[in-house]
Amino acid sequence: QVQLVESGGGLVHPGGSLKLSCAASGSIFAISGWNWYRQASGKERELVATITGGGYRSCADPVKGRCSISRDNAMNTVSLEMYSLKPEDTAVYYCNANIATRPGDIIHEMDVWGKGTLVTVSS
């Protein structure tokens, strides 16, 4: 059983910074890529940032220039740093990963989601 657990959410003042982390655990063969999503109350879930196995990193337009995503393959973790936070950044942030497991000689890939961590940007 593979699980993702986010951490680092909390209350931040506008203009502040925050670092979120996500750790994968379980029977993991490889993690090909990570994503961070967020969902604000009354809004659809949206992509925040992506990092691929090939090293490609990107942040979506709403946070572009104010975020950085990184990964530690040895630790099976991903981090998201956000800067100059705005009230509209308030949301539940979810990590997502494409994870391969290897029961026997066959590799299985799955899309795994964490339960989310709440980020509140307010004065």
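Residues numbered from 1 in each chain as written. Predicted model: local features only at pLDDT ≥ 70, side-chain atom pairs only at ≥ 80, totals over all residues. Heavy atoms only, no water.

### A short note on the overall build of the chain
Logical step 1: Of the regular secondary structure elements, the chain holds zero helices and 11 strands.
Logical step 2: The order of α-helices and β-strands along the chain, N terminus first, is β-β-β-β-β-β-β-β-β-β-β.
Logical step 3: By the compact-globule yardstick of 14 Å for 123 residues, the chain fits well, its C-alpha radius of gyration being 15 Å.
Logical step 4: Overall, the chain is about 55 × 25 × 25 Å in size when its C-alpha atoms are taken along their principal axes.
Logical step 5: Contacts in the chain between residues at least 24 apart in sequence constitute 56% of all its contacts with a sequence separation of at least 6.
Logical step 6: Measuring between centres, the 11 positive side-chain charges of the chain sit 3 Å from its 11 negative side-chain charges. (Helix = DSSP H or I, 4+ residues; strand = E, 2+ residues; numbered from the N terminus. Rg over C-alpha atoms; globule rule 2.2 N^0.38 Å. Contact = heavy atoms within 4.5 Å. Lys, Arg positive; Asp, Glu negative; His and termini not counted. Charge placed at Lys NZ, Arg CZ, Asp CG, Glu CD.)

### Quick word on the side chain of asparagine 96
Logical step 1: As for its placement among the helices and strands, asparagine 96 is situated in strand 9 (residues 91–101).
Logical step 2: The exposure class assigned to asparagine 96 is buried, which follows from its relative accessible area of 2%.
Logical step 3: Only 3.2 Å separates the side chain of asparagine 96 from the backbone oxygen of valine 112, close enough to count as a polar contact.
Logical step 4: If we ignore the near neighbours within four places in the chain, the residues touching asparagine 96 are Leu4, Gly33, Trp34, Asn35, Tyr37, Asp111, Val112 and Trp113. (Buried < 20%, exposed > 50% of the residue type's maximum accessible area, 1.4 Å probe, protein only. Polar contact = N/O pair within 3.5 Å; in protein donor to acceptor, adjacent residues only side chain to side chain.)

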